[in-house]
Amino acid sequence: MANLLDQMIEQISREKHIEPGIIVAAIEDAMVVAARKYYKTEEDLRAKFNADTGQVDVYSVRAIVEEVSDPKKEISLTEARKANSQLEVGGELLTAKPTAVLGRIAAQTAKQVIMQKVREAERDTVFNEYNGRVGELVNCIVKRFEGPDVIADLGRTEARLPKREQSRLETYNLGDRLRVVIRAVDRAAKGPQVIVSRADPALVQRLFEMEVPEIYDGTVQIRAAAREAGERTKIAVQSRDKDVDPVGACVGMKGMRVQSIIRELRGEKIDIIPYSEDTIAFAQKSLSPAKVTRVQIIDPETRHLEVIVEDTQLSLAIGKKGQNVRLASKLIGWNVDIKSEEEKRQELEAQMAALTAPGTPLSELQGMGPKTVDKIEAHGITSIEKLADMTPEQLMEIPGIGEKMVEKIQQAVAAHFQSLEGQPAAEIGEAGEGQEPAATEAVEATEASETTETADTTETGETTEPQPSTEPNGTAEPERAAEPAGEAAEIPAAEGSDSAAAESAPDATSAPEEASAEEAPAQDGERAATAEAAEAKAASESDKK
């Protein structure tokens, strides 16, 4: 019997990779549970495995005290010495409990406890073994499927390949051999607690270490890697030997090394980029195959970059659904904004326009209290024009601004722009109360008359001696001459109507008015004399005939 139990303990220890002492402790705990369930007692029970007899003995344990307060767990010194005369206060008295009467139910209970303890010990062993191997490349065989997850056999234990850790290009069948990388060890998982991955960037790094001797011996280092499983991977490599080309070492002769990795990843594209300590140079190379015009660091604290490319290279730099720039951002560890030359030019023009036209300050907006203005300015809105461009939803995002306040703000902004639109008309109305507009109209009339006379003179072709007219008196030319005279005649009346207005008018306006008033009669006289001379000449010629 003893040899049989020892053999079973040794066999379980080898199969489960558990120490024999852990199995013996599990058996002792199981016997205590079974005895407590059978005897239905509250006494302290203890089990002990006897290696000589191969049996597990169960004892009732009571502490030796001077005064007994709990008879089930304590015993006096006098009573204890009846069983053993060498006992002292502070010791324990062990009383054997029969185990042959436990029966089938107690044996079944003991079996369940033993199996539970063994499973817990096995899980602890697996955790301690694989917890230090995270990131290691291992081989496994697809064993079964649990929903979208794949359960793989690692040999000594099982591993779980979740859906999120699977490559998009791959499908798995029972019995498939896979190369996976250990992602994590989950101690609280109900099923297999080793989590493996086919989508982690570490898988590509481990594959390169296997295929490229320079990486395995440390001559070439993989400094960074970014991956979208099933589509594209970017890795940055650096050589510690100036005579070794890191990119060429990874590609291999005619691409043999990298092609074997691509086949293992089922056709996934791989970009190998030389690493650089210079952030700008590294960013330019990480966006390959696109050609970058320039790179500018926007904010070093938040690690923000701005990349400018040609208009024809914009789509290539962004990649399919933003994949290229997303992987480049992960690779260099900076936030990357890509803009074309045209977009950058428009942005600069908008900034220049904003600088030249800063806008109207919010303090000039009527109908809003200073507290509301402070809240809006604290949100970054400093001008009425910017406030007018905001939607009600954007205004509601400002702390302390509600729906009623949004309506008041919109009404105040609308009233402000309406007042700006009505300002020129108001200024004209105010000016109409004086005589400055009248003087302006007189100047315009004088200029019109001078333009008309100049046109008439140009039509005749002479400037000093106008040709006599053959038409009778009252022709159109004297009528046109009379019109400016009439207009100019109104000017003295306008000047005399209000002396204060005349004084407020500019000197430049008064001078043309006086000149036009004096020249108009002179022009009438000259034209009348010319008409009389023409009639006299015509009469003399008729007499001669």
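Computed from a predicted model, the values in this text were never measured in an experiment.

**Q** Teacher, can you tell me more about the sheet that holds strand β6 (residues 149–153) here?
**A** In a beta sheet, neighbouring strands pair by backbone hydrogen bonds and run either parallel or antiparallel. Around the barrel, 5 strands lie side by side as β5-β6-β7-β9-β8; this closed barrel has mixed pairing. When the angles between neighbouring strand axes are averaged without regard to direction, this sheet yields 55°.

**Q** Help me understand the nonpolar core in this model?
**A** Side chains of a nonpolar character, in soluble globular proteins, are inclined to be buried together. In terms of nonpolar packing, the biggest core is built from 23 residues, with L287, V307, V309, L331, I332 and I338 touching the most fellow members. Taken together, the elements giving at least two residues each to this core come down to β10 (220–228), α9 (279–286), β13 (292–299), β14 (304–309), α10 (314–318), α11 (323–332) and β15 (335–340). Considering every element that reaches this core, the biggest residue donor is α11, with 5 residues. Aside from chain neighbours lying at most four places away, what touches V309 is K291, V292, T293, L314, A317, I338, K339, S340 and E341. In this structure, L5, V24, M31 and A110 belong to the second largest nonpolar core, which totals 22 residues.

**Q** For this particular structure, what's the right way to read the environment of D271?
**A** Following the sequence through the fold, D271 ends up in strand β12 (residues 269–274). A sequence separation of 38 residues divides D271 from T233, and the C-alpha atoms of the two residues are 6.1 Å apart. Setting aside chain neighbours within four positions, we find D271 in contact with R232, T233, K234, I235 and S288. Here K234 takes part through its side chain, which lies 3.2 Å from a polar atom of the side chain of D271.

**Q** Would you mind going over the packing of aromatic side chains with me for this structure?
**A** Pairs of aromatic rings are described using the distance from one ring centre to the other and the angle between the two planes. Across all of its chains, the model carries 2 aromatic pairs by this definition. A centroid spacing of 5.0 Å and a plane angle of 85° characterise the contact between Y38 and Y39, whose relative ring orientation is edge-to-face. What makes Y38 partly exposed here is its relative accessible area of 40%. With a relative accessible area of 25%, Y39 lands in the partly exposed category.

Quick notes on the rules
- Residues numbered from 1 in each chain as written.
- Predicted model: local features only at pLDDT ≥ 70, side-chain atom pairs only at ≥ 80, totals over all residues.
- Heavy atoms only, no water.
- Pairing = 2+ DSSP bridges.
- Helix = DSSP H or I, 4+ residues; strand = E, 2+ residues; numbered from the N terminus.
- Axes fitted to C-alpha atoms, helices over the stretch in contact; angles between N-to-C directions.
- Core = buried A, V, L, I, M, F, W, Y, C linked by side-chain atoms within 4.5 Å.
- Buried < 20%, exposed > 50% of the residue type's maximum accessible area, 1.4 Å probe, protein only.
- Contact = heavy atoms within 4.5 Å.
- Polar contact = N/O pair within 3.5 Å; in protein donor to acceptor, adjacent residues only side chain to side chain.
- Phe/Tyr/Trp six-rings, centres within 6.5 Å; stacked < 30°, edge-to-face > 60°.

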